[in-house]
Amino acid sequence: MTRPLDGKVALVTGASSGLGRAGALALARAGARLVVHGRDAARLAEVAEATGGTAVAGDLADPAEVERVAAEALAVAGRVDVLLCNAGVGWSGPFPRMAAADAARLVAVNLAAPIALTRLLLPGMLERGGSLVYVTSIAGRLGVAGESVYSATKAGLDMFAVSLRQEVRGTGVRVGVLVPGVVDTAFFERRGEPYPRRRPRPIPAERVADALLAGIVAGRPEIFAPRWLRLPVVVRGLFPGAYRALDGRFGTRTVAVEDVQAGPR
């Protein structure tokens, strides 16, 4: 039985856990030959074994490591047909408390690394076609109080994908973004603050991965998970004043004087 990604080589970043792991497993089930990246070498080895793929560990905050990951991925089969840029880091708290190093790391991993990987892998895709897929966030579409830098990096990645899609139109290279909401992973623990709300409830990473795979196969430019997340984005676009009023009433985290005085942590 032919599978939709048979014969394709896919590089998945941030595949050692969470959504990246679920995405790698979904791509493998669809027939892709996997190159999986992550920082946790032990967990990454488990994912590589489960998918029959090749593990390439590295820290994407280091530009030299980004180049090495791309080179090792190309060495596996001489090409990459699907690039899934999933690796990302978060940080939550009042912006005045954010250390410069934390802000720089978010920009490096969430935005600069996907751009650099694309620059390194796109030339080959332009010769034979391929898929570039970027995991953004609803935070990049709507903004989230206490996550200003994270939201900015995801918004930047979103617009990079939009612009690149216009540039490669007609070349056989497809560009898509996955816009997830709250996914049930360890992301919130790692960012330093647990998810604070009852609604919307976190959704399983496997469910998001299924939507991601369907979007890649169909070549969709946008994949919202869950799909209803498109609604607030549309409302914000059509009725910005009303949206800002609601956001100011329900979504704002006030920065207190002590937050400014405390300084970076």
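Predicted, not measured: the structure shown is a model, and the values here were computed from it.

Tallying secondary structure elements over the chain gives eleven helices and nine strands in all. Relative to its full complement of 265 residues, the chain shows a buried share of 46%. If you take every contact in the chain between residues at least 6 apart in sequence, the share linking residues at least 24 apart comes to 66%. Carbon and sulfur atoms form 55% of the exposed surface of the chain, whose accessible area is close to 13200 Å².

Let's shift gears to the nonpolar core. Formed by 35 residues in total, the largest nonpolar core has its most connected members in Leu 11, Leu 83, Leu 132 and Tyr 134. Elements supplying a minimum of two residues to this core: β1 (9–12), α3 (63–77), β4 (82–85), α4 (100–128), β5 (130–135), α5 (138–142), α6 (148–168) and β6 (173–180). Of the residues forming this core, the biggest block, seven residues, is contributed by α4. Beyond its immediate chain neighbours, meaning those up to four positions away, Leu 11 contacts Val 35, Val 69, Ala 73, Val 80, Val 82, Leu 83, Leu 84 and Leu 121.

The next subject is the pairing of β6. A large share of β6 lies buried, amounting to seven of its eight residues. Of the strand pairs in this sheet, β6 and strand β9 (residues 222–225) are connected by four bridges, and their pairing is parallel. Paired with Leu 178 across the strands is Ile 223, a residue of β9.

Once that is clear, we can look at helix α1 (residues 18–29). A rise of 1.5 Å per residue sets the reference length of α1, with its twelve residues, at 16 Å; its end C-alpha atoms lie 17 Å apart and thus fit the reference within 8%. Every buried residue of α1 is listed here: Leu 19, Gly 20, Ala 22, Gly 23, Ala 24, Ala 26, Leu 27 and Ala 28.

Okay, the side chain of Thr 13 next. Relative to the elements of secondary structure, Thr 13 occurs in the loop between β1 and α1. Engagement of the side chain of Thr 13 in a polar contact is seen with the backbone nitrogen of Asn 86, the distance being 2.9 Å. Apart from the residues lying within four places of it in its own chain, the contact partners of Thr 13 are His 37, Leu 60, Leu 84, Cys 85, Asn 86, Ala 87 and Leu 117.

It is worth spelling out the pattern of salt bridges at this point. Under the criterion given, the structure shown has eleven salt bridges. One salt bridge in this structure joins Asp 81 and Arg 79, with 3.0 Å as the shortest N-O distance. By relative accessible area, Asp 81 is classed as buried at 6%. For Arg 79, a relative accessible area of 25% corresponds to the partly exposed category. One continuous salt-bridge network, built from bridges that share partners, spans Arg 141, Asp 158, Glu 222 and Arg 230.

Cut-offs used in this document
- Residue indices follow the written sequence of each chain, beginning from 1 at its first position.
- The predicted nature of this model means local features are confined to residues of pLDDT at least 70 and side-chain atom pairs, given and counted, to a pLDDT of 80 or more, with totals for whole chains, interfaces and linings taken over all residues.
- Hydrogens and water are ignored here; the side-chain numbers use all heavy atoms of the structure.
- Under the scheme used here, helices are H or I runs from DSSP no shorter than 4 residues and strands are E runs no shorter than 2 residues, and both carry numbers assigned from the N terminus.
- Each residue is placed in one exposure class: buried if its accessible area under a 1.4 Å probe, protein chains only, is under 20% of its type's maximum, exposed if it is over 50%, and partly exposed if it falls in between.
- The contact criterion used is simple: two residues touch if any of their non-hydrogen atoms lie within 4.5 Å.
- The method behind every accessible area is Shrake-Rupley, applied with a 1.4 Å probe, and residues are considered shielded solely by the protein chains displayed.
- Residues belong to one nonpolar core when they are buried, are Ala, Val, Leu, Ile, Met, Phe, Trp, Tyr or Cys, and are joined through side-chain atoms within 4.5 Å.
- In short, DSSP must find at least two bridges between two strands for them to pair.
- Multiplying 1.5 Å by the residue count of a helix minus one yields the expected span of that helix.
- Polar contact criterion, stated in full: a pair of N or O atoms within 3.5 Å, where within protein one must be able to donate a hydrogen and the other to accept it, and residues adjacent in sequence count only if both atoms are side-chain atoms.
- Definition used for salt bridges: Asp or Glu carboxyl oxygen within 4 Å of a side-chain nitrogen of Lys or Arg.

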